[in-house]
Amino acid sequence: MAPTRPDPASSTSPPRPGSAGEHVLQDAHGTRDRADRFYADQMRDRLLPRMIEFVGRMEMLFVSTSDAHGECDASLRAGPPGFVAVLDEYTLAYPEYRGNGVHASLGNISENAHVGLLMVDFVDDLIGLHVNGTARIVEDADFRDLHGEVGVDHGRGRRAERWVVVDVEEAYIHCRKHIPRMERVSQRRAWGTDDPARKGGDYFHAKGTEPRVPREPHAAARRARPRFPSTTHLTGGVSRALRTQR
C-alpha cells in the first residue's frame, strides 16, 4: 500500500488510503467496499499501543526498499527482542549491524526514502504488522546523542553502526491465514563474525561462477514469445485506466 492520496473519483471525498493502482483493481474486481472496510477498521497513521507491544517483542524484521528507478530489494534484519526501538507512536528505528559491506538497503534509502517493513509472529499469535513510512539514516553516535540508551544492545558483536529511523505513515495488520507456525529453539548466534563459514559460506555455490553471462542465446526465444503487459488479465478498460494513472 502507499500513502494516502485523493480519490480521483471525487474531488470532494476525503482521501482514500492506498495507491491509484489499488483503487483501479478494487473497482475492477468488485472489492472496493471490502477494501474500504479494511482501510477504516485496520489502517492507522501511527503505532497503536498493542502494535508498540508487538514491535517490542519481535526478533525479525523484513525490510523492503527501492532505488530511485524503482528497482526493489527485500532484506532481513534480526536481533534480540526490542532491537526495533519505538521512539514514539509516529517513529521507530532499527539498527544496522556490521554486514557484508554492500549496503543494498541503505543505498536504496539514500536514493528513495520510502520503506515497507513487515514483522511477523510465527510462534505465538501468528499475526503480522506492516509499517510503511519514510526513512532516514542516522549514525550511531548521533542517534545516541538524541536517544541515549534507547535500543542499546550489550550483546557481543551486536553494536549498531548506524540506525534507520522511520517516520510512520501507515500501520496495519497482516492476517494470520497463511502464516506458518514455527517453534522456537535455542541457538548460538555468531553475532559480528567475519568468518565466512559461520556466515553461511558459499551455500549457493556462487563463487567461481560467472557474475554475468550473455543472454544472446535466449534472445531469439524471447522475441518469439508474445510479450504481454502486466494487465492482460484485466479488461481493456481497466488496463487503460491503469496506464493513465502512471
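Rules used throughout
- Residues numbered from 1 in each chain as written.
- Predicted model: local features only at pLDDT ≥ 70, side-chain atom pairs only at ≥ 80, totals over all residues.
- Heavy atoms only, no water.
- Core = buried A, V, L, I, M, F, W, Y, C linked by side-chain atoms within 4.5 Å.
- Buried < 20%, exposed > 50% of the residue type's maximum accessible area, 1.4 Å probe, protein only.
- Helix = DSSP H or I, 4+ residues; strand = E, 2+ residues; numbered from the N terminus.
- Contact = heavy atoms within 4.5 Å.
- Arc of directions from axis to C-beta.
- Pairing = 2+ DSSP bridges.

**Student:** In this structure, what is going on with the nonpolar core? I would like to understand it.
**Tutor:** Soluble globular proteins: nonpolar side chains tend toward being buried together. Judged by nonpolar contacts, the single largest core of 31 residues is most densely connected at L61, Y94, L117, M119, V131 and V166. Here the element with the most residues in this core is strand β7 (residues 162-174); it accounts for six residues. Apart from the residues within four sequence positions on either side, L117 is in contact with L61, F62, V63, L92, Y94, L129, H130, V131, N132 and V166.

**Student:** Help me understand helix α3 (residues 49-56), please; the structure alone is not making it clear to me.
**Tutor:** Every α-helical turn comprises 3.6 residues, leaving residues that sit three or four positions apart pointing alike. Among all positions in α3, only M51, F54 and V55 are buried. Looking straight down α3, one finds that the buried residues subtend no more than 95° of arc, so they occupy a single side. Turned more than 90 degrees from where α3 packs its buried face, P49 and R50 sit exposed. Those residues of α3 hidden inside the fold are in contact with β3 (85-88), β5 (114-121), β6 (127-139) and β7.

**Student:** Would you take a moment to explain the pairing of β6 for this structure?
**Tutor:** The two faces of a sheet get side chains in turn, since along a regular strand they alternate between them. Looking at chain direction, β5 and β6 are connected through eight bridges and run antiparallel. Each bridged residue has a counterpart across the sheet, and for H114 the counterpart in β6 is T134. Across twelve bridges, the pairing between β6 and β7 is antiparallel. Across the sheet, G128 pairs through a bridge with H174, a residue of β7.

By themselves these figures say nothing about function.
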